[in-house]
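Single-letter residue listing:
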Amino acid sequence: MDFSEIACKYLESCKILFSAAFVESRIKSHPDYPALVSFTDTLDELGLTYSAVQAEEEHITEMSFPWLAGTPKAVSSFEIVSSPEYYENNKEKFLNRWDGVAVMVNASQSIQNKAHEAFLIKEKKAASVFKIAVGFGIFVFLLVSSFYFSAPLFIFSILSLGGIAICSLIVLYGLGQRNAITDQLCSTAKSQRCNLVLNSKAAKLAKDVGMGDAGLIYFITLFLFALFGVVSQNVHASLSLLVVPAGLALGFTLFSVYYQWKVVKAWCRMCLIVIGIVWLQAIIPFSYFIQVKQFSFYGLMPVILQFVMALFLASLWLLIKPFLKLRIEQKEKIIEVLKWKRNPEIFQSLLYKQPWTNTVLPGNPAFLGDADAPLQFAIVSNPFCRPCAVAHQQLDGLLKKYPDLVGLSVIFLTRQDDKKEDRRVVAIEYVLKAIAGEKTKEQVLHDWFENMSLEKFKTKYPSVMGNTDISFALREYQNWAAKNYVPHTPVVYLNGYPIPKQYSLSDMESFVIDLSEILTQSTVKNKEHEKVVDFSWQ
């Protein structure tokens, strides 16, 4: 079990509702994965409160359970200490592998992350659709079985569904997709190593076709064939024909047992379950054959055609699997790309390759946050630009989340040839006057970009300071625009450098803290280029 899975199990033990796929992707895409910081940074990103400590043995009883322990001497390097009883029962061995590091997440928290929330909603919808589809399929199956009930074929079909489920797990396991069931079935004990069996030569029929695929096709074929037999009411002919595939499958299971026992010398529990299902299925047609003591050739040709049709439909899996494999590989590549993008040192290197622009405007009425913060963002914005509103919302989120690390300067784009009655100029004037008359600049700018409607804004701020002259501020914005080419809005700068086009503001959220430390050490302010512009209210 890798660290991302352990981290998710730990969050589950803390009774936190989350998307395992989202959390695993964020942990795995961290530049320092599988170090503990990949988990703690993800906790910060999700807005979860926690404590990370370096503790001694005598402090363990004071800790809040469950907690995540660093155990570098163990196989997985991390361990969940679920309860005081767990610790007492494993005390001696645990202390030998524990390095003193402990992370304690406060239980029953709600995640505060919009990206995660959207992902979780999407995941729930997909799960609902899947459940509805499965429920509908079961309903149709039971409906058909009730009209044309045949106990032998019904039991045979149920066993086939069980075989389909287990073989699906084997296929997904081979593609690197594990879950709680496969983790439970495939332990790391020497006698129960699924990898040795499933990756052996005998388990590979072709390059990308393994015994899991063969078993999946086999059970799907038998399920469809049994279903066709029930509908067509050719029960006797169907049971007669099932002797052939059941007999062949029995022979293969004997080979599989011998191969695991004598050659690989390891047992695959999932494979053994499949073998058990094959044996149980074989009882049905063989007991029928023993009872009637002869094949029923009546209506056998239609039944053979039904079997061929079922085999054809089941074999479509071989066309579906490459797309599934490609999707899984794409997810892995996305994680690798994210790992690259989330490296603050790479971002810093690309940032410094951008042309520097003076965005330091002390006294700017639309400046928010700490002017001495290491990360000084500036956004060149059009008051009626929808993408500007989205970018402002993201920057406002960074400012609220990291008030000591982030400063934000909003530069409204207005040019010298803009007429005074231009709606952009009118809007900028009114917003700046509202800022001058209010104590919370953040709220004023938030209210504007929320609707970008002058009528609604005037309704909320009806009594702006009429005697406040903001003409000087407008001229300085216009002078800045005249000196700096702005092809579009918004343009976001960080410490005077445009954000590299490979990055979005949402990408930067995951490494704000590390980036602030790096930029502080490297001193990115180019003071020889800085020009201090003073705004004065007249």
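Quick note: structure is the one above.
Residues numbered from 1 in each chain as written. Predicted model: local features only at pLDDT ≥ 70, side-chain atom pairs only at ≥ 80, totals over all residues. Heavy atoms only, no water.

**Q** For this particular structure, what's the right way to read the side chain of Lys341?
**A** When you line up the elements, Lys341 lands in helix H14 (residues 317-341). Overall, the relative accessible area of 16% leaves Lys341 in the buried class. Engagement of the side chain of Lys341 in a polar contact is seen with the backbone oxygen of Gln502, the distance being 2.8 Å. With sequence-adjacent residues up to four places away left out, Lys341 is seen in contact with Gln502, Tyr503, Asp507 and Phe511. (Helix = DSSP H or I, 4+ residues; strand = E, 2+ residues; numbered from the N terminus. Buried < 20%, exposed > 50% of the residue type's maximum accessible area, 1.4 Å probe, protein only. Polar contact = N/O pair within 3.5 Å; in protein donor to acceptor, adjacent residues only side chain to side chain. Contact = heavy atoms within 4.5 Å.)

**Q** Looking at this structure, I do not really get helix H6 (residues 114-147). What am I missing?
**A** A turn of α-helix holds 3.6 residues, and therefore any two residues three or four places apart point the same way. For H6, which comprises 34 residues, the first-to-last C-alpha distance of 50 Å matches the rise-based estimate of 50 Å (1.5 Å per residue) to within 8%. Those residues of H6 that fall on the buried side of the exposure criterion are His116, Leu120, Phe141 and Ser145. Packing partners of the buried residues in H6 comprise helix H2 (20-28), helix H3 (37-46), helix H7 (151-174) and helix H10 (211-232). Between the side-chain oxygen at the start of H6 and the backbone nitrogen of Ala115 there is a gap of 3.1 Å, and the oxygen is on Asn113. (Expected span 1.5 Å × (residues − 1).)

**Q** Looking at this structure, I do not really get the pattern of salt bridges. What am I missing?
**A** Note that side chains of opposite charge can pair when their charged atoms are close. This model, assessed by the stated rule, comprises 11 salt bridges. As a salt-bridge pair, Asp2 and Lys28 come within 3.8 Å of each other at their nearest N and O atoms. Here Lys28 lies in helix H2 and Asp2 lies in the segment before helix H1 (3-13), a separation of 26 residues in the sequence. Taking the shortest distance from any N to any O, the salt bridge between Glu57 and Lys91 comes out at 3.9 Å. With Glu57 in the loop between strand S1 (50-54) and strand S2 (67-71) and Lys91 in helix H5 (residues 91-97), this residue pair connects regions lying 34 residues apart in the sequence. Exposure remark for Lys91: the relative accessible area of 31% places this residue in the partly exposed category. Among the charged side chains, a network of salt bridges with common partners joins Arg26, Glu45 and Arg342. (Salt bridge = Lys/Arg side-chain N within 4 Å of Asp/Glu carboxyl O.)

**Q** Explain the nonpolar core to me, please; I cannot follow it from the model alone.
**A** One recurring pattern in soluble globular proteins is that nonpolar side chains are buried together. The biggest cluster of nonpolar side chains holds 61 residues, and the ones touching the most others in it are Phe347, Phe377, Phe412, Leu494 and Met508. The leading source of residues in this core is helix H17 (residues 423-437), at 8 residues. Every residue in contact with Phe377, bar those within four places of it in the chain, is listed here: Leu395, Leu398, Val406, Gly407, Leu408, Ser409, Val492, Tyr493, Leu494, Ile499, Leu505 and Met508. Listed in part, the 49 residues of the second largest apolar core include Leu153, Ile166, Leu227 and Val303. (Core = buried A, V, L, I, M, F, W, Y, C linked by side-chain atoms within 4.5 Å.)

**Q** I tried to follow the packing of aromatic side chains on my own but got confused; where do I start?
**A** Each aromatic ring pair is specified by the distance between its two centres and by the angle formed by the two planes. Under the criterion given, the structure shown has 28 aromatic pairs. Considering the side-chain rings of Tyr87 and Phe94, the 6.0 Å spacing of their centres and the 90° angle between planes classify their relative orientation as edge-to-face. On the numbers, 5.5 Å between centres and 75° between planes, the contact of Phe384 with Trp448 is edge-to-face. Pair noted here: Phe384 is in the loop between strand S6 (375-381) and helix H16 (386-401) and Trp448 is in helix H18 (residues 441-451), with a separation of 64 residues, a long-range link. (Phe/Tyr/Trp six-rings, centres within 6.5 Å; stacked < 30°, edge-to-face > 60°.)

None of this, on its own, says anything about what the molecule does.
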